[in-house]
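Single-letter residue listing:
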Amino acid sequence: HYTSTSLSDFMSDKLLNHFKDNEEFQNNKTYKILDPSCGEGELLYSVKKILDREKLEYKLMGIDTNEYAIRQASSRFSNVNTEIVVGDYLELFNKAKENLSTTDSHSYPLEMADMIIANPPYVRTQILGADKAKSLGREFGLKGRVDLYQAFLVAMTRQLKDGGLICVITSNRYLTTVGGKDIRNFLNENYDILEVIDLGDTKLFDAAVLPAIFVGRKKTNKLSLRNDDVPFIRIYEELNNKN
Ligand SMILES: C[S@@+](CC[C@H](N)C(=O)[O-])C[C@H]1O[C@@H](n2cnc3c(N)ncnc32)[C@H](O)[C@@H]1O
């Protein structure tokens, strides 16, 4: 399920608005933006529109397992500084992670990113299979069986520079389930959480999954702010039998 243009624009606005508050980035000349499961590049395209308007220099980095989608994405970004490749993000991440550093890295295509925007695959443990779900949990330091998007959240966080920004839409299950506890703790430890938007039953996708958007700034010091005061919006079309 690809992200619609209006939702992509909404997420990009969030990302770039928070990014403008980021003093650490004032001197950074070429911003690196990553979508590790970019499909046909809708999210990167929305970010590009804003960066062009703001006359900022950038490099767009996209990965997807789907060759056809990557061909479509590449053709959208001709004449733009991009690295858009076919690949399994989690495999690429596992191969390159030793070389990823908090400053910079040239382990193509996994350079450290200033901003990450993503709608990673949501694949439940029942569908992944118990063995795969468990081995993902082990590899990414999460207990129990994990959904694919949780492994993406860990890998993306490692690839984000300190002080960098992420805006990601995933299943909303981790917000409330027992199985989501590890990933909630992980996000709380690693981010100054800027916004959480639970899109509830608004049916933005055909999938039977209810989505939520998470916006965060990667902590420069893990012991800093404690996320006591995070703006949280929950949108439901129907709640307690009322529209
Ligand atoms: C929910 S779609 C989102 C696509 C795009 N970011 C968008 O918002 O339109 C998830 C994408 O993840 C890709 N994908 C699935 N497993 C992947 C993996 N292991 N590594 C990279 N991409 C993957 C799928 O091919 C699909 O394009």
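Residues numbered from 1 in each chain as written. Predicted model: local features only at pLDDT ≥ 70, side-chain atom pairs only at ≥ 80, totals over all residues. Heavy atoms only, no water.

Chemist: Outline the packing of aromatic side chains, supporting the account with residue identities and numerical values.
Modeler: Applying the stated criterion across every chain, the model contains eight aromatic pairs. Each ring, one from Tyr122 and one from Tyr149, has its centre 6.1 Å from the other, and the planes form 80°; the classification is edge-to-face. Of this pair, Tyr122 sits in the loop between strand E4 (113–118) and helix H5 (125–128) while Tyr149 sits in helix H7 (residues 148–159); the two residues are 27 residues apart in sequence, bridging distant segments of the chain. Overall, the relative accessible area of 22% leaves Tyr122 in the partly exposed class. Between the NZ or CZ atom of Arg76 and the centre of the ring of Tyr45, over which it lies, the distance is 4.7 Å. (Phe/Tyr/Trp six-rings, centres within 6.5 Å; stacked < 30°, edge-to-face > 60°. Helix = DSSP H or I, 4+ residues; strand = E, 2+ residues; numbered from the N terminus. Buried < 20%, exposed > 50% of the residue type's maximum accessible area, 1.4 Å probe, protein only. Lys NZ or Arg CZ within 6 Å of the ring centre and 35° of its normal.)

Chemist: Any chance you could break down the site of the ligand for me, citing the residues and the numbers?
Modeler: The full set close to the ligand counts 18 residues, and His1, Thr3, Ser37, Asp64 and Tyr89 are the nearest of them. Measuring from a nitrogen atom of the ligand, one finds a side-chain N or O atom of Thr65 at 3.4 Å. In this structure, a nitrogen atom belonging to the ligand sits 2.9 Å away from a main-chain N or O atom of Tyr89. In the complex, the protein chains occlude 87% of the 590 Å² of accessible area that the ligand would expose alone. At a threshold of 2 Å from the grid points, most atoms of the ligand map onto the largest pocket. (Near = heavy atom within 4 Å. Polar contact = N/O pair within 3.5 Å; in protein donor to acceptor, adjacent residues only side chain to side chain. Areas by Shrake-Rupley, 256 points an atom, 1.4 Å probe, with all protein chains shown as cover. 1 Å grid on protein atoms, 1.4 Å probe; cavity = no way out; pocket = protein on both sides within 12 Å on 5 of 7 lines; lining within 4 Å. Sits in = over half its atoms within 2 Å of the grid points.)

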